[in-house]
Amino acid sequence: MKALVLLVEDDGRSAHKLAQMLREDGYTVEVATDGAAAIGRLSRSPLPNILLTDLNLPHANGAAVARYARSLRADIPIFVITGYPELATQLEGLAPEPVVFTKPLEYEQLTAALKALQG
């Protein structure tokens, strides 16, 4: 079964390209372009297997999205891709700790982390 990834990214081009690459690697990907849309999607079944989010988002930031996802499933893997790594302090207290990648994203690092989830 393919893992369902919720990708939250407000830059449409980046979201489209990353979603395309993940799909080519065998993931099912749904895209939300702001924090409110992501929270709305998390409120519906099925809950994604993986949350991949930016931090600096309109309507609700990535930390709020991550906290909401964890309130629904305490062990959901969370990967953060941000151009502002100093904002990662917003994620303090989340356990297990989200994995933070800085932009520009090294896609190979992300896929290695995703593959590590599958054992």
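Conventions we followed
Residues numbered from 1 in each chain as written. Predicted model: local features only at pLDDT ≥ 70, side-chain atom pairs only at ≥ 80, totals over all residues. Heavy atoms only, no water. Pairing = 2+ DSSP bridges. Helix = DSSP H or I, 4+ residues; strand = E, 2+ residues; numbered from the N terminus. Axes fitted to C-alpha atoms, helices over the stretch in contact; angles between N-to-C directions. Phe/Tyr/Trp six-rings, centres within 6.5 Å; stacked < 30°, edge-to-face > 60°. Buried < 20%, exposed > 50% of the residue type's maximum accessible area, 1.4 Å probe, protein only.

A.B. asks: What is the right way to look at the sheet that holds strand β2 (residues 28-32) in this model?
C.D. replies: Paired through backbone hydrogen bonds, the strands of a sheet run either parallel or antiparallel to each other. Across the sheet, which stays open at both edges, the five strands sit in the order β2-β1-β3-β4-β5 with parallel pairing between neighbours. Looking at strand neighbours, the two that pair on one side only are β2 and β5 (99-102), the edges of this open sheet. When the angles between neighbouring strand axes are averaged without regard to direction, this sheet yields 20°. The sheet contact formed by strand β1 (residues 4-8) and β2 spans five bridges and is parallel.

A.B. asks: What am I meant to see in the packing of aromatic side chains here?
C.D. replies: Ring pairs (aromatic) are described by centroid distance and by the angle formed between their planes. Taken as a whole and assessed by the stated rule, the structure comprises one aromatic pair. With 6.2 Å between their ring centres and 25° between their planes, Phe79 and Phe101 make a pair best called stacked. Of this pair, Phe79 sits in strand β4 (residues 78-82) while Phe101 is found in strand β5, placing the two residues 22 residues apart along the sequence. For Phe101, a relative accessible area of 8% corresponds to the buried category.

A.B. asks: Is there a simple way to explain unusual backbone geometry in this structure?
C.D. replies: Glycine aside, residues mostly have negative phi angles, and peptide bonds mostly take the trans form. Residue Pro46 is reached from Ser45 by a cis peptide bond, and omega for that bond is -5°. Looking at where Pro46 falls in the secondary structure, it is placed in the loop between α2 (35-42) and β3 (50-53). Despite not being glycine, His59 shows a phi value in the positive range, around 75°. With respect to the helices and strands, His59 occurs in the loop between β3 and α3 (62-72). Relative accessible area serves as the criterion here: at 67%, His59 is assigned to the exposed category.

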